[in-house]
Amino acid sequence: MNLKGWPGIPWWITRAIGLLSGCLFGAPAVYPPEVQLFGPGAAQTVVAIGTNCRLRVGDTAVAELAGDRVVAKMKGSTWLTATCDSGVSMTPVTVRPPGALARRSYANDVAPVMTAAGCAAGNCHGPAGAGGGFRLSLFGSGAEADYAAIVERIDKRVPDESLLLRKATARTAHEGGLRFDANSEGYAAIIAWIRDGAFYAGKDTPRLTELRVYPREQVLVGAGMQQQLIAVAYYSDGSVRDATRLAEYRASNPDVVRVGGLGEVKAVGMGESAVMVRMGGRAASALVMVAAESSRADFRRVARNNFVDEHVFAKLQRLNSRPPELANDGEFLRRVYLDTIGKLPTEEEARGFLASREGNKRRLVIDWLLQQPEFGVANPDGKPTAELLKQYGPDRASRVFLGVRISCTKCHNHPWERWTRDDYAGFASFFSAGGKAKYLDGEFETSQDRLGALAQWMLRLDNPYFARAIVNRVWKRYMGRGVVEDADDFRSTNPPSNPALLDALAAEYVRSRYDLRRLVRTIALSRAYQSDVRMRPLPVGTLTTVIAQVIGVRAETINPRRDGPPPSREGLCERDARTEESRAAISDEVIRGMLAAEGNIVSRWLSLDRDVADSLYLRTLTRFPTAEERAKLASELAAGDRAVVLRRALEGILRSREFMYSR
């Protein structure tokens, strides 16, 4: 298909034809999905996702290829054709007059270069660093103040001799070293700006309104695979600019992918990572997943218990990862008790469950646990009230109930999100008597009962934050990691690992009118929850409770902090789960003292004239001992003092990884 270009045809028609050609020819994906160039010489980086791809511009009088960039020559329309092993794709190319963006300005041409070079980072010339007395706003969030500092370091008569450029190119001693060389596009942009008069911006200067990154989601198969990201900037006058070489890139998980300064991503390990792309106070993100190299044909079809499994297993299939086996009955029972009521099953409960042949016994025990008073104590219904909001304050309330970190905007606009100091002031006003109270959706509130109004707004069924924040916290509690991680850090540059799953859980939670038990039941019933791959340490509060339960003493006798009552087991809010803190929190002396106390479980075992190996392991690990464990205990009991052996055996289990972790 050879279409040179159809000048005068509306852009939406050319885009529709391009998309249709992709469907007809089984085309590879080409990014960006349309190429818009403003003025001769304007260029756009492009990338085709496929093997053995060849790019060609239809009408070379309108635009031409220069490496991986389409460069404008004259006003008109044409096509970029990508021919790959997988098929052919056609992308519309439109060249328009240059517009107001053609006049170089600090805000649009220089600030992105400074930010991408790291000059405005907190440890360099940002507020915390302010190296050499040259102070910039954090990540370039205050461009106007930065401009005043920068113009003092330029030479309009001899731009090449500007201190700004001599420092950045390391021609003059610079603690930050080389930031860019004299042949770079950043250097050329600053030189051209100075020669044009070092203009900041005027009322007609287009403002950056949006930053997009392509592809938004990509799977790389195996370490070493690479992918070029494309960044495109959109401005208030409708103009578009290639931002691929101007933006700043950062991977959230460098153990999975590394990203270069020009947006080149390389897989280094299995897993997934968000790549944040930032420029001019705007940010976007791409999700990059690194899959196993095995074939998807090996994907094992397993039963799905509910919609949770559909979304989880679809993600596993994309990653070429086979679904795990089910956890055995003992692992499941111990897990669901700990997660749901913060206690271990009793010896009798464990025996009964393990012996049961009921086909739906897992469902039955989940339903039973959700009705226990311990669930209600550890899990308040998750809904905000005026009193609870008052206790939390604006910073914690925004994190817990909305999943939004706005506290940093007390001092400066959020560097990675749209939140501003005005947003923080409006939200914080709900918690004080002064100022105009403003919700995070931008609406103002005039009610005298501000906290009551805020609680009602949070619980509106169309609230875009509350349901997603709560289901993400519950998912993290039951699965060990949030769909968005950290659980209280929802933002465009920290995308969910499984967006479809998060959307489905939030929609179900809203449909149930925020029924927390129904949400927990849905997650606990899923095969994903009941799989055998989970292993995470118990929080200190839970560990305190179960040690007391096993030994047969009151939890109040265990005091990890020594200066107050033992830590409570928190519900939906924040729970400590750090292994080393859990291990250190309860001293050996405390445990040994309880094991020697009158009436504890060891003293009861001593009164029984029978083998207690089953009781020891069921009570602590919710399983029967192995033949080797049974034989070892019997041998030690036969050779030593029965009380000493049982105390030592129980203490050993309480300090074991198997006990201190929930599987």
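A brief report on the enclosed structure follows. (Residues numbered from 1 in each chain as written. Predicted model: local features only at pLDDT ≥ 70, side-chain atom pairs only at ≥ 80, totals over all residues. Heavy atoms only, no water.)

Thoughts on the nonpolar core
Nonpolar side chains in soluble globular proteins generally cluster together in the buried interior.
Turning to step 1, where the next piece is worked out: Core analysis: the biggest nonpolar cluster contains 66 residues, and Val365 and Tyr509 have the highest contact counts within it.
Turning to step 2, where the next piece is worked out: Here the element with the most residues in this core is helix α14 (residues 466–479); it accounts for 7 residues.
Turning to step 3, where the next piece is worked out: Leave out the neighbours within four places in its chain, and Val365 touches Phe332, Leu333, Val336, Tyr337 and Phe353.
Turning to step 4, where the next piece is worked out: Ala168, Ile194, Ala198 and Val277 belong to the second largest nonpolar core, which has 47 residues in total. (Core = buried A, V, L, I, M, F, W, Y, C linked by side-chain atoms within 4.5 Å. Buried < 20%, exposed > 50% of the residue type's maximum accessible area, 1.4 Å probe, protein only. Helix = DSSP H or I, 4+ residues; strand = E, 2+ residues; numbered from the N terminus. Contact = heavy atoms within 4.5 Å.)

Observations concerning the environment of Ser321
Turning to step 1, where the next piece is worked out: Counting through the fold element by element, Ser321 comes out in the loop between α6 (307–318) and α7 (329–341).
Turning to step 2, where the next piece is worked out: Separated by 30 residues in sequence, Ser321 and Ala291 have C-alpha atoms that sit 7.4 Å apart.

Thoughts on the state of the cysteines
Turning to step 1, where the next piece is worked out: Inspection of every chain in the model, using the stated rule, returns 1 disulfide.
Turning to step 2, where the next piece is worked out: There is a disulfide in this structure between Cys53 and Cys84, and the S-S distance comes to 2.0 Å. Between Cys53 and Cys84 the sulfur-sulfur dihedral comes to about 115°; the bridge is accordingly right-handed. Note that Cys53 is positioned in the loop between β4 (47–49) and β5 (54–57) and Cys84 in strand β8 (residues 76–84), a separation of 31 residues in sequence.
Turning to step 3, where the next piece is worked out: When its relative accessible area of 8% is taken as the criterion, Cys84 is described as buried. (Disulfide = S-S within 2.5 Å.)

Describing helix α8 (residues 347–355)
Turning to step 1, where the next piece is worked out: Taken as a whole, α8 has its buried residues at Glu347, Ala350, Phe353 and Leu354. Taken down its axis, α8 places every buried residue within 135° of arc, on the same side. For α8, the exposed residues lying more than 90 degrees away from the buried face are Glu348 and Ala355.
Turning to step 2, where the next piece is worked out: Along its buried surface, α8 packs onto α7, α9 (361–370) and α21 (613–621). (Arc of directions from axis to C-beta.)

That's the geometry; what it means functionally is another story.
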